[in-house]
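Residue-level structural notes
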Amino acid sequence: MPWFTRDKTARPQAPAEEDRKVKTEGLWVKCDGCRQIIWRKALDENLQVCTKCGYHFRLDAVARLRLLLDGEWEEFDKGLTSTDPLGFVDSRRYTERLGGMQKSTGLRDAVISAGGALNGRYVHMCSLELKFIGGSMGAVVGEKITRAIERSLERRVPLIIVSASGGARMQEGAVSLMQMAKISAALMYLDEARIPFLSVLTDPTTGGVTASFAMLGDLNIAEPGALIGFAGPRVIEQTIRQKLPQGFQRAEFLLNKGMLDAVVKRPDLKDYLAQALDFFCGPVA
Ligand SMILES: [Zn+2]
């Protein structure tokens, strides 16, 4: 029998790393813009915009609707869900991945299609959810957005789409790419009927979403600092064998080059959209 056995229960134990984390977790956030530590409550009150440097944190789809619509909204096509047309498997089955995402986000796919008032005017609004497989556009996202466009056309209601997406959904292959053409064609009818479509691009908006509806707005409006592009900078650099300029694919750079109509800070976004709709449709009756 060892004669230097310590009685572990006799000494007060330092709190485990896990316990310590739980107590302070969530109170403070490190800003990706200025690297300073900010109080989460101050960040919440400032619409997830850094109080020190103005860096715009990402918002989820529901928070976005809450920010831009006056109160309650009605949701359309809530039950649509992907059928896994290719029987796709990568590191796991696509159906499993979908199931996991549906559980963690509480959504059936990566977009919420809603109708509600924006400063008193009824609008249709689609809000993409980046947390759902990178906000990628498969058949469901494509169909919900197309239906929102058709609904806008039928009821003569302005449409706003808030994008946050990595692009087309690889797991749905060509079915996913087809959505780009489908949505773009529907938007053409909306344009012919002279019903406004405002596109809001948030961080990040890339790939097939940028290459279709996100850039087809009567106004294309971005949030400050948003990454907006088609292919990623590394792919472009390797293809053209040139170093890319500073700020490449950021909202301010694109505004400067004429790719965007405006860069609007989040606290001003709702009023900006309302003003734009006043301009297109006349003041609210
Ligand atoms: Zn900051």
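Here is what the cut-offs are and how they apply
- For every chain, the first residue of the written sequence is number 1, and numbering continues from 1 onward in sequence order.
- Note on the predicted model: pLDDT of at least 70 is required for a residue's local features to be given, and 80 or more for side-chain atom pairs to be given and counted; whole-chain, interface and lining totals, by contrast, use all residues.
- Where side-chain values are given, they derive from all heavy atoms of the structure, hydrogens and water being excluded.
- For helices the rule is a DSSP run of H or I covering at least 4 residues; for strands it is a run of E covering at least 2, with both sets numbered from the N terminus onward.
- For the accessible areas, the method is Shrake-Rupley and the probe is 1.4 Å, while residue cover comes only from the protein chains on display.
- With water omitted from the atoms examined, metal sites may look incomplete; donors here are N, O and S atoms no farther than 2.8 Å from the metal, or 3.2 Å in the case of Na, K and Ca.
- A four-donor site is classed as tetrahedral when every donor-metal-donor angle falls between 85 and 135 degrees; four donors are called square planar, and six octahedral, when trans pairs exceed 155 degrees and all remaining angles lie between 65 and 115, with any other arrangement labelled irregular.
- When DSSP finds two or more bridges between two strands, those strands count as paired.
- Throughout, a residue-residue contact means that at least one pair of heavy atoms, one from each residue, lies within 4.5 Å.
- Axes, fitted as lines to C-alpha atoms, cover a helix only where it is in contact. Angles between the N-to-C directions of the axes lie from 0 to 180 degrees.

Our focus in this paragraph is the overall build of the chain. Looking only at helices and strands, one finds ten helices and nine strands in the chain. With respect to the principal axes defined by its C-alpha atoms, the chain has extents near 90 × 50 × 45 Å. Entry remark: accessible area of the chain is about 15,900 Å², with carbon and sulfur atoms responsible for 55%.

This part takes up the coordination of the zinc ion. Looking at the zinc ion, one finds its protein donor set to be C31 (SG), C34 (SG), C50 (SG) and C53 (SG), positioned 2.3 Å from the metal centre. Classification of the site at the zinc ion rests on its four donor atoms, whose angles at the metal span 107 to 115°, yielding the label tetrahedral. Counting gaps between the donor residues of the zinc ion yields the pattern C-x2-C-x15-C-x2-C. Remark: C50 occurs in the loop between helix 2 (40-45) and helix 3 (61-68) and C31 occurs in the loop between strand 1 (28-30) and strand 2 (37-39); sequence separation between them is 19 residues.

Spatial strand order, 3-4-5-6-7-8-9: seven strands in an open sheet with mixed pairing. Because the sheet does not close on itself, it has two edges, and the strands there are strand 3 (74-76) and strand 9 (262-263). Along the sheet face, helix 5 (residues 139-155) touches strand 3, strand 4 (111-118), strand 5 (121-128) and strand 6 (159-165) and points at about 170° away from the line of strand 5.

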